[in-house]
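Overview (structure and organization)
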Amino acid sequence: MLILLPPSETKRPGGDGPRWRPDALAYPTLSTQREQVIDALVALSDDEEAAARVLKLSARQRGEVAVNAALRGSPTMPAVDRYTGVLFDALDAATLDDASRAWLAGHVAIHSAPFGVVGALDPIPAYRLGAGIRVPGLPPMRAVWADAVGAAIAASSPSFVLDLRSEAYVALGPVPAGIPQAYVRVVSEGPDGAIRALNHFNKHAKGELVRRLATSRPDVPGPDALMRWAQDEEIVLRPSAAGELELVVPPTTR
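Report follows, based on the coordinates. Everything numeric in this text was worked out from a predicted model, so none of it was measured.

A short note on the overall build of the protein
Across its full length, the protein carries 10 helices and 10 strands. Here the C-alpha radius of gyration of the protein, 18 Å, is about what a compact globule of 254 residues would show, namely 18 Å. Oriented by its inertia axes, the alpha-carbon framework of the protein measures out at about 55 × 35 × 35 Å. The buried share among the 254 residues of the protein stands at 52%. Of the contacts formed within the protein by residues at least 6 apart in sequence, a portion of 68% connects residues at least 24 apart. Accessible area of the protein: about 11,500 Å², with a carbon and sulfur share of 51%. For the protein, the separation between the mean place of its 26 positive charges and that of its 29 negative charges on side chains is 4 Å.

Structure (C-alpha cells):
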C-alpha cells in the first residue's frame, strides 16, 4: 500500500541533514521537474518585492523569500519531520519507534509543490510554495507535475493507493486509473444520522489514521484488507461514493 499525504504550509526550520539534492529523493524520474521548480524559486527570490507578491506573503512572512533563496544550500531533515500543522502534529512522527518510522518510509509519500512526491523520510529543505502558485518562468504547477507524478506513482507499482491529499494536490498528480485506489473523506455522523463533511478536523483525523497504521504495521494489499484492519482497530472506515472511503469521527471531536 502507498499512502499519499499533502504537505503543510508550516514547516520546522533548519535541519542536520546534507544540503538538498534531487537524486537523494525517492521517485527519481521527477528530478528534472524538481530542478526546474527550484531554479525558478531561487531566481524569483532575487527580487523580494516580486517574490512576496507571487508567493502571497504578508509583511510578517517576508523572511520566507530568504528561505527560498537559500534552497540549494540549506540543511535538510526527513520530510515527515519537516512539516508541522494539524495533520503532522497528529501523526507526530518524531515520537514513533524505529520500526514505525521504517514503515512510514516504505508506505508513505508526501506530495509538495517544489518536489512532487517524496518518501516520508526523504531529506528536504525548508521552502515556501503552495499548489496554487504560478512561479514566473514555469507553467502552472499542474502542468509541471500532473503527468510526471502520475507516471512516477505508476512506476512504483503499488498494490493499492490510499489518497489522503487535499484536492489541490490530487490535481497536481492524479493516481492513474489502472491502480487500485481510494480517496478518503473525513466526516462526522450526528445522532440523526446526518453526515457532515469536516474541514479543519479532517487533517487531525488523517494524521491519527496514519499514526495508527504505522504503529500496527498491517499488511494492506487493498481496500478490503484496510477496512478489516480498521474494524479490528475500532476505526470507522467505510465505502461511500465510487472509489472513495469515509473516515467517520464522532461529532464531539470536531
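Brief notes about the pairing of strand β3 (residues 108-112)
β3 sits mainly inside the fold: 5 of its 5 residues count as buried. The alternating pattern of β3 places Val108, Ile110 and Ser112 and Ala109 and His111 on opposite faces, both of which are buried. Relative to β3, strand β1 (residues 2-5) is paired through 3 bridges, and the arrangement is parallel. Bridged to leucine 4 within β3 is alanine 109. By the bridge criterion, 4 bridges tie β3 to strand β4 (residues 116-119) in an arrangement that is antiparallel.

Some points on the packing of helix α1 (residues 31-44) against helix α7 (residues 141-155)
As a packed pair, α1 and α7 sit with axes 10 Å apart at the nearest point and diverge in direction by 165 degrees. Looking at the two axes, α1 sits roughly antiparallel to α7. In the packing of α1 onto α7, the handedness of the crossing is left-handed. Contacts between α1 and α7 involve Gln33, Arg34 and Val37 from the first element and Met141, Val144, Trp145 and Ala148 from the second.

Let's talk about the side chain of arginine 34
Structurally, the position occupied by arginine 34 is in helix α1. Put simply, arginine 34 is tucked away with no salt bridge, and the nearest opposite charge, on aspartate 122, sits 5.6 Å away. Ignoring sequence-local partners within four residues, the contact set of arginine 34 consists of Trp20, Pro22, Leu25, Ala26, Tyr27, Pro28, Pro114, Phe115, Val117, Val118 and Trp145.

Description of the packing of aromatic side chains
Tallied over the entire structure, the rule returns 4 aromatic pairs. Ring centres of tyrosine 83 and tyrosine 127 lie 6.3 Å apart, and the angle between their planes is 80 degrees; this geometry places the pair in the edge-to-face category. Within this pair, whereas tyrosine 83 is found in the loop between α4 (79-82) and α5 (86-91), its partner tyrosine 127 is found in the loop between β5 (123-124) and α7, the two being separated by 44 residues in sequence. Taken as a pair, tyrosine 83 and tyrosine 127 share a single burial class, namely buried. You can call tyrosine 127 buried: its relative accessible area is 2%. Among the aromatic residues, those joined into a cluster by ring pairs are Trp20, Tyr83, Phe88, Phe115 and Tyr127.

Comments concerning the nonpolar core
Counting 82 residues, the largest nonpolar core has Ile3, Leu5, Leu104, Leu129 and Leu162 as the members making the most contacts within it. Looking at this core element by element, the count peaks at 7 residues for α7. Residues within four places of leucine 104 in sequence aside, it is in contact with Val80, Ala93, Leu96, Ala120, Val210 and Ala214.

What about helix α2 (residues 48-55)?
If you check which residues of α2 are buried, you get Ala50, Ala51, Ala52, Val54 and Leu55. For α2, the N-terminal cap is aspartate 47; the gap from its side-chain oxygen to the backbone nitrogen of glutamate 49 is 3.2 Å. Looking at the residues trailing α2, positive phi occurs at lysine 56, about 60 degrees.

Some thoughts on the pattern of salt bridges
The final tally for this structure, using the stated rule, is 13 salt bridges. We note a salt bridge from arginine 72 to aspartate 39, for which the minimum N-O separation is 2.7 Å. Separated by 33 residues along the polypeptide, arginine 72 in the loop between α3 (63-69) and β2 (77-78) and aspartate 39 in helix α1 bring together distant segments of the chain. When its relative accessible area of 42% is taken as the criterion, aspartate 39 is described as partly exposed. One salt-bridge network, in which partners are shared between bridges, spans Glu9, Glu64 and Arg128.

Topic: the environment of proline 239
As for its placement among the helices and strands, proline 239 is situated in strand β9 (residues 236-239). Note: C-alpha distance between proline 239 and aspartate 224 (15 residues apart in sequence) is 9.8 Å. Proline 239 has contacts with Met227, Glu244 and Leu245, leaving out every residue within four places of it along the chain.

Definitions and limits used
- Residues numbered from 1 in each chain as written.
- Predicted model: local features only at pLDDT ≥ 70, side-chain atom pairs only at ≥ 80, totals over all residues.
- Heavy atoms only, no water.
- Helix = DSSP H or I, 4+ residues; strand = E, 2+ residues; numbered from the N terminus.
- Rg over C-alpha atoms; globule rule 2.2 N^0.38 Å.
- Buried < 20%, exposed > 50% of the residue type's maximum accessible area, 1.4 Å probe, protein only.
- Contact = heavy atoms within 4.5 Å.
- Areas by Shrake-Rupley, 256 points an atom, 1.4 Å probe, with all protein chains shown as cover.
- Lys, Arg positive; Asp, Glu negative; His and termini not counted.
- Charge placed at Lys NZ, Arg CZ, Asp CG, Glu CD.
- Pairing = 2+ DSSP bridges.
- Axes fitted to C-alpha atoms, helices over the stretch in contact; angles between N-to-C directions.
- Parallel < 35°, antiparallel > 145°, perpendicular 65-115°, else oblique.
- Left-handed = near helix turned anticlockwise from the far one by under 90°.
- Salt bridge = Lys/Arg side-chain N within 4 Å of Asp/Glu carboxyl O.
- Phe/Tyr/Trp six-rings, centres within 6.5 Å; stacked < 30°, edge-to-face > 60°.
- Core = buried A, V, L, I, M, F, W, Y, C linked by side-chain atoms within 4.5 Å.
- Polar contact = N/O pair within 3.5 Å; in protein donor to acceptor, adjacent residues only side chain to side chain.

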